[in-house]
Structures are given as structure tokens and as C-alpha cells.
Amino acid sequence: MLRESVIVVSLALLLSLIVKTWLMQAFYIPSGSMNNTLLRGDRVIVNKMVPSPISLTRGDVIVFEDPDHWLPAPIQPQLSRVTSTLNSTLTFVGLLPSDEGNHLIKRVIGLPGDHVVCCNNKRQLTVNGVALSEPYLFPGDTPSQEPFNITVPPGRVWVMGDHRSDSGDSRPHDQNSGGKKGSVPESLIVGRAITVVWPFGRWAWLSKPSETFARVPTATAR
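Residues numbered from 1 in each chain as written. Predicted model: local features only at pLDDT ≥ 70, side-chain atom pairs only at ≥ 80, totals over all residues. Heavy atoms only, no water.

Draft legend 1. Spotlight on the overall build of the protein. Each helix and strand in the protein was counted, giving 4 helices and 12 strands. Scored against the burial criterion, the 222 residues of the protein give a buried share of 43%. The long-range share in the protein, meaning contacts at least 24 apart out of those at least 6 apart in sequence, stands at 72%. With an accessible surface of roughly 12,300 Å², the protein has 59% of that area assigned to carbon and sulfur atoms. (Helix = DSSP H or I, 4+ residues; strand = E, 2+ residues; numbered from the N terminus. Buried < 20%, exposed > 50% of the residue type's maximum accessible area, 1.4 Å probe, protein only. Contact = heavy atoms within 4.5 Å. Areas by Shrake-Rupley, 256 points an atom, 1.4 Å probe, with all protein chains shown as cover.)

Draft legend 2. Representation of the confidence of the model for the protein within the structure. Taken as a whole, the protein shows an average pLDDT of 83; of its residues, 76% reach a score of 70 or greater. In this model residues 8-22 is a low-confidence stretch, pLDDT under 50, and it forms 18 contacts with partners more than four residues away in sequence or in other chains. Across residues 92-97, confidence stays below pLDDT 50; counting only partners more than four residues off in sequence or on other chains, it has 19 contacts. (pLDDT = per-residue confidence, 0-100.)

Draft legend 3. Molecular detail of unusual backbone geometry. Asn36 follows Asn35 through a cis peptide bond whose omega is -5 degrees. Considering the arrangement of structural elements, one finds Asn36 in the loop between strand S1 (24-28) and strand S2 (43-47). With an omega dihedral of 0 degrees, the bond running from Cys118 to Cys119 counts as a cis peptide bond. Of note, Cys119 is situated in the loop between strand S5 (115-118) and strand S6 (125-127). The backbone of Arg123 shows a phi angle near 60 degrees, a positive value even though the residue is not glycine. With respect to the helices and strands, the residue Arg123 is situated in the loop between S5 and S6. By relative accessible area, which is 53% here, Arg123 ends up exposed. Of note, Asn176 is a non-glycine position whose phi angle comes to about 55 degrees, a positive value. Considering the arrangement of structural elements, one finds Asn176 in the loop between helix H3 (170-174) and strand S10 (184-185). You can call Asn176 exposed: its relative accessible area is 82%.

Draft legend 4. Structural detail: the packing of aromatic side chains. Applying the stated criterion across every chain yields a total of 4 aromatic pairs. Centre to centre, the rings of Phe148 and Trp158 are 5.3 Å apart; their planes meet at 35 degrees, and the pair counts as tilted. Of this pair, Phe148 sits in strand S8 (residues 148-151) while Trp158 sits in strand S9 (residues 156-160), and the two are 10 residues apart along the sequence. Accessibility classification places Phe148 together with Trp158 in one group, the buried group. Consider the rings of Trp198 and Phe200, whose centres lie 4.7 Å apart with planes at 75 degrees: the pair is edge-to-face. Accessibility expressed as a relative area gives 65% for Phe200, which makes it exposed. The ring of Tyr136 is capped by Arg107, whose NZ or CZ atom sits 4.0 Å from the centre of that ring. (Phe/Tyr/Trp six-rings, centres within 6.5 Å; stacked < 30°, edge-to-face > 60°. Lys NZ or Arg CZ within 6 Å of the ring centre and 35° of its normal.)

Draft legend 5. Structural view of the pairing of strand S4 (residues 103-110). Taking burial as the measure, the 8 residues of S4 include 8 buried ones, the bulk of the element. Pairing geometry for strand S3 (residues 61-65) and S4, over 5 bridges, is antiparallel. Opposite Val63, over in S4, you have Ile105 as the bridge partner. Relative to S9, S4 runs antiparallel, the two sharing 3 bridges. Bridge assignment links Gly110 to a residue of S9, and that residue is Trp158. (Pairing = 2+ DSSP bridges.)

This is how it looks when you write it as C-alpha cells:
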């Protein structure tokens, strides 16, 4: 019986590790930059098959590694050695959500080659000349508090939080570089967030706002 239990547990851990490595991974939301789509403390499941083999699309909510010191150094909680080891092991195999201090979650607004501008005379973002209606914005927020005019470089994406007035996203990190510094390399993307799984009362699929970007043409230079 003990041997069978050990085999079952080992197989379960191996399967969980395989899923976490190549297919899905849970992440913890540490801030309010994506309110009200995602709230602080939410747990989301991320599809790690995006952006390869499944392509990114505008409007995707993605998790990515910190591109260039966007985040402050994380403060490590004081845990006992046993608790720390257990948490690290369960997170490693995917049984606990990752709360690493080097990941961010934002919405893709511009794909490689896209021309993204804020704002037109109606205070809307435009992508490749098409104005966006953004129903996911935090109530009361404008599309951006600061103007910008950028073209997304090849192999990178332009990201913004839904709570625009409380999001350290591509905008403040671009430093007037025209999109070169503020965009995120696709190689740093972990995957696309597909569902909120915790708390149970907030369970929901993260649907794509396809109507927002439906009329945006493909960038001429990709």
C-alpha cells in the first residue's frame, strides 16, 4: 500500500510538473494594475502555448518576465526552512500559484509593426489609424494620462494595464524611444491568462475583446 501511494503521488507530481512546464501555470495577481478585470489576490491560469505555437492577438492578457527593472526588488517573506522548502517545491511542480516578484500581467495593445497613438480628438487610443473603444478600462480612467506615439519593433509587443492611472506598463518605461524601450520582447512572454480560478466567487473566463480590435488592419511592417 505504501509503495502504491508513493507511485501515485510521484506520478501526480510528475504530471503536474509537465503541465506547468509546457501547458498551463497558475499565477497570483499582486497589484491593482489590471482592475477591474483582475483584482489583487486573484489567481489566474496561464496558457503557456502562447505565443508559440498559438499566436498572440491584440487584447490578450499576458504574463511576462520583467523586461528591464520595471519592478522593485521583491521583499522575501520570513518563512521557516521547512515551509519555504515546501512552498518552493509545490510552486515548482505547479501545485501552488507563482508569486515571483519578476513577473507582470498586462494587456497586449500593439503587435509587432503596429502604430499605437494616444490620443485622438475624442481621447481614444488608435492602432494603425483605427480608434479603440475599450470596455475593459477601469471606470473613470482615460485611455492614457500621457500622450505617446510609437511603433512596436519586430519581435516585441506594446502592453498596458486596464487600470491605466495605476499601471507601470509600456508607457512610462519607453522614455520617448518611439516604442523601442517600452515594448516587451516576445521571448519574455510566459503565456496568456485564460481564466480566474480563485477566489471561487470570481471564477470567470478571460474572454478576448475581439470587437475592440476587429477593424484594426494588419501592420504594414511586421
